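Read off the chains here:
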Amino acid sequence: MRVLIVCDMEGITGISVWEQVNGGAPLYEEGRRLYTADVNAVVRGCKRAGAQQVTVIDWHGAGGFYSFKSLIPEKLERGARYVLGAPYLRYVEPLEQGCDAALFVGFHAMAGTPDGVLSHTVSAEQWVSAELNGQPAGEIALVAALCGTWNVPVVFVSGDEAACREARAVLGESLHTAAVKKGLGRFAAVHLAPEDAHTLLEETACAALTSGTLPEPLCPSPVTLRVHLHTPEAVQSYVGKVGVEIEDSRTVAALGTTFWELWERFARR
Ligand SMILES: [Zn+2]
């Protein structure tokens, strides 16, 4: 069994403010330790379930030099390989080579979710909201659709209660979720103790891979991603891109046969 673990930082145990997830901020090193420990627990769960190949991708945009490498290399669990520094949703080799399941660790709810800790969609500064084929979409749906391009089902999502609720709404009730905290707003939460969270993460990840019934992959085709941006100047960077339409001064829409085709057009610089 080959599995892919995709990681983000906002849905990690003990994390509730930007200062823990933005590179160089006063609490960032604390955030990195918490992040690495949650991810390690999921890696252990995958290995317990019998996964022979475990690939982990750090997709947390910590900012500048720190982006996509917030995991602490010397603390990483043995028996997996770790992708550090690959731009957001751009490294797809494990999916292309074939993998049986994807697990999402530390994910957060979409922009505008009142009880979603650090809720946002892709860019808190630039994106107001997004829709995938007309349905409100956060990062859970976007990354699930990326995996769906290669028919890979998402079997496990961890984060706060709001992220887990959103994930089940998108991916169905057979999804295994692990809620490590409950948001009291966007910047406060009731957290599990990290060691309790690690037990929950390891056992839920293991159960997700051994329960027998896997959720269906999310693979809409054709697919449209509509993004509502905060400002007209944010729209300017999309002018002239193939397959991307400027719908009005603050709205862009990208089209593709698969989500990967769409994202390649949309995210290419
Ligand atoms: Zn993030």
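What counts as what
Residues numbered from 1 in each chain as written. Predicted model: local features only at pLDDT ≥ 70, side-chain atom pairs only at ≥ 80, totals over all residues. Helix = DSSP H or I, 4+ residues; strand = E, 2+ residues; numbered from the N terminus. Pairing = 2+ DSSP bridges. Contact = placed C-beta atoms within 7 Å. Axes fitted to C-alpha atoms, helices over the stretch in contact; angles between N-to-C directions. Domains from an automatic or database assignment. Nonpolar A, V, L, I, M, F, W, Y, C, P; charged D, E, K, R; others polar.

Considering the arrangement of structural elements, one finds Glu261 in helix H7 (residues 259–267). Along the sequence, Glu261 and Gly243 sit 18 residues apart, while their C-alpha atoms lie 9.3 Å from each other.

Spatial ordering of the open sheet is given by E6-E5-E10-E12-E11, a layout of five strands whose pairing is antiparallel. The outermost strands of the open sheet, each flanked by one partner alone, are strand E6 (135–136) and strand E11 (244–248). Inspection of the sheet shows strand E5 (residues 127–132) paired to E6 by two bridges, in the antiparallel sense. Bridging across to E6, Glu131 finds its partner in Pro136. Lying over the sheet, H7 contacts strand E10 (223–229), E11 and strand E12 (251–256), oriented at roughly 135° with respect to E12.

We note that the domain assignment places domain 1 (2–123 + 139–210) and domain 2 (223–267) within the protein chain. With centres defined by C-alpha atoms, the gap from domain 1 to domain 2 works out at 26 Å. Across the boundary between the two partners, domain 1 contributes seven residues, which contact six residues of domain 2. Each residue belonging to the side of domain 1 that touches domain 2 can be placed in one class, and the counts come to four nonpolar, two polar and one charged.

Now for the sheet that holds strand E1 (residues 2–7). Strand order in the open sheet formed by seven strands is E3-E2-E1-E4-E7-E8-E9, with mixed pairing between adjacent strands. Taken across any chain shown, the strands that pair with only one partner, and hence form the sheet edges, are strand E3 (81–83) and strand E9 (189–191). With strand direction ignored, the average angle separating the axes of adjacent strands in the sheet is 20°. In this sheet, strand E4 (residues 101–107) lies alongside E1 in parallel orientation, the contact comprising five bridges. Bridge pairing in E4 places Val6 opposite Phe104. The sheet contacts of helix H4 (residues 161–171) involve E4, strand E7 (154–160) and strand E8 (176–183), and relative to E7 the element is tilted by about 155°.

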